[in-house]
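# Residue-level structure breakdown
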Amino acid sequence: MAQTSMVLVFLLFAASSYATQGVELDSICKQAENPTFCLNLLNSKPGGVAGADLVDLANYALDVARANITTTTKLIKRLIRRNVNDTEARDHYRLCLNQIHKGALNKVEFTQMTLNSGDYQSLNVAASGIRTHIELCIDGESPSDTPYNDTSLLPTYANVISQVVDIILIISNNL
Ligand SMILES: *[C@@H]1O[C@H](CO)[C@@H](O)[C@H](O)[C@H]1NC(C)=O
Ligand SMILES: *[C@@H]1O[C@H](CO)[C@@H](O)[C@H](O)[C@H]1NC(C)=O
Ligand SMILES: *[C@@H]1O[C@H](CO)[C@@H](O)[C@H](O)[C@H]1NC(C)=O
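One structure accompanies this document, and this report is about it.

Parameters at a glance
Residues numbered from 1 in each chain as written. Chains lettered and ligands numbered in written order. Predicted model: local features only at pLDDT ≥ 70, side-chain atom pairs only at ≥ 80, totals over all residues. Heavy atoms only, no water. Helix = DSSP H or I, 4+ residues; strand = E, 2+ residues; numbered from the N terminus. Buried < 20%, exposed > 50% of the residue type's maximum accessible area, 1.4 Å probe, protein only. Contact = heavy atoms within 4.5 Å. Core = buried A, V, L, I, M, F, W, Y, C linked by side-chain atoms within 4.5 Å. Expected span 1.5 Å × (residues − 1). Near = heavy atom within 4 Å. Polar contact = N/O pair within 3.5 Å; in protein donor to acceptor, adjacent residues only side chain to side chain. Areas by Shrake-Rupley, 256 points an atom, 1.4 Å probe, with all protein chains shown as cover. Nonpolar A, V, L, I, M, F, W, Y, C, P; charged D, E, K, R; others polar. Salt bridge = Lys/Arg side-chain N within 4 Å of Asp/Glu carboxyl O. Axes fitted to C-alpha atoms, helices over the stretch in contact; angles between N-to-C directions. Parallel < 35°, antiparallel > 145°, perpendicular 65-115°, else oblique. Left-handed = near helix turned anticlockwise from the far one by under 90°.

### Focus on the overall build of the chain
When its secondary structure is counted, the chain shows seven helices and zero strands. Secondary structure elements of the chain occur, N-terminal to C-terminal, as α-α-α-α-α-α-α. By residue count, 41% of the 175 residues in the chain fall in the buried class. A fraction of 69% describes how many contacts in the chain between residues 6 or more apart in sequence connect residues 24 or more apart.

Given below as structure tokens:
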């Protein structure tokens, strides 16, 4: 009994000593698919995380998602040029250009508007929309489509965007 409460006190102390000022990053990032990625990303916020609230962190993650989408769009345009003679590859990358450059980017802007209007109820649905467009690029637009065997860097880049969206979803569920 005494031992159990000692352990409890220790655990409570350990947990509180890891809490950052303002927002508890650990409690957010331990819910992420990749907690290390989450901690690295949020800790890279310019000006630091001390004093940042959840809305600041979500805005920062959306900025990162937007930058990652811009980088990914450049990659896709290169891939389309490189594969002009390969119909299957070219069609896949054109679909991805549409899903990522148009679809996902529009959903990032919509999610940021939703966040800054304080409509936290709608945030999860808005942010999930970003991920839907990423999935449509990787898996194909129809359930009967065989996913294109993409050996380029695009699946890795797309996965980075999905992980950033994962963090936005966790934050939105805590707002
Ligand atoms: C995504 O953005 C982060 C932060 O700016 C950057 O470190 C990372 O290299 C980017 N990754 C891709 C695939 O664009
Ligand atoms: C596509 O095919 C044309 C005609 O055969 C060729 O001139 C061109 O170099 C090819 N482009 C690429 C990127 O392979
Ligand atoms: C995908 O392409 C790579 C490289 O061409 C090949 O090694 C791999 O077996 C392919 N995978 C599938 C599922 O077709």
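### Brief notes about the nonpolar core
The biggest cluster of nonpolar side chains holds 47 residues, and the ones touching the most others in it are Leu41, Leu42 and Leu154. Contributing elements (two or more residues each) for this core: helix 2 (25–29), helix 3 (35–43), helix 4 (54–82), helix 5 (87–116), helix 6 (123–139) and helix 7 (154–173). Among the elements that take part in this core, helix 4 stands out by supplying 14 residues, more than any other. In contact with Leu41, other than residues within four places in its own chain, are Tyr60, Ala61, Val64, Val164 and Ile167.

### Things to note about helix 5
Relative to the 44 Å expected for 30 residues at 1.5 Å per residue, helix 5 spans 42 Å between its end C-alpha atoms, a close match to the ideal helical length. Following helix 5 by one or two positions, Gly118 adopts a phi angle in the positive range, close to 80 degrees.

### Digging into the site of ligand 1
If you check the shell around ligand 1, you find Val64, Asn68, Thr71 and Tyr157 and nothing else. A distance of 2.3 Å separates an oxygen atom of ligand 1 from a polar side-chain atom of Asn68. Coverage of ligand 1 by the protein chains reaches 52% of its 360 Å² of free accessible surface. In terms of residue count, the dominant contributor to the shell around ligand 1 is helix 4 (three residues). When the residues that make up the shell around ligand 1 are grouped by side-chain class, the tally is two nonpolar, two polar and no charged.

### Regarding the pattern of salt bridges
A full pass over the atoms with the stated rule returns five salt bridges. Its salt-bridge partner being Glu33, residue Arg131 comes within 3.3 Å of it at the nearest N-O pair. Of this pair, Arg131 sits in helix 6 while Glu33 sits in the loop between helix 2 and helix 3; the two residues are 98 residues apart in sequence, bridging distant segments of the chain. Take Glu33: its relative accessible area is 56%, and that puts it in the exposed class. Residue Arg66 pairs with Asp63 through a salt bridge whose shortest N-O separation is 3.1 Å. In this pair, Arg66 and Asp63 are both assigned in helix 4, three residues apart and thus about one turn of the helix distant. Judged by relative accessible area, which is 22%, Arg66 ranks as partly exposed. Using a relative accessible area of 37% as the deciding quantity, one classes Asp63 as partly exposed.

### Thoughts on the packing of helix 4 against helix 7
At a closest axis distance of 9 Å, the pairing of helix 4 and helix 7 adopts a crossing angle of 165 degrees. What the angle tells us is that helix 4 and helix 7 run roughly antiparallel. Crossing handedness for the pair helix 4 and helix 7: left-handed. Per-class residue counts for the contact of helix 4 with helix 7 are 18 nonpolar, three polar and no charged.

### A few points about the side chain of His133
Structurally, the position occupied by His133 is in helix 6. Using a relative accessible area of 16% as the deciding quantity, one classes His133 as buried. Aside from chain neighbours lying at most four places away, what touches His133 is Gln99, Gly103, Ala104 and Lys107.

Any link to function would need more than the numbers given here.
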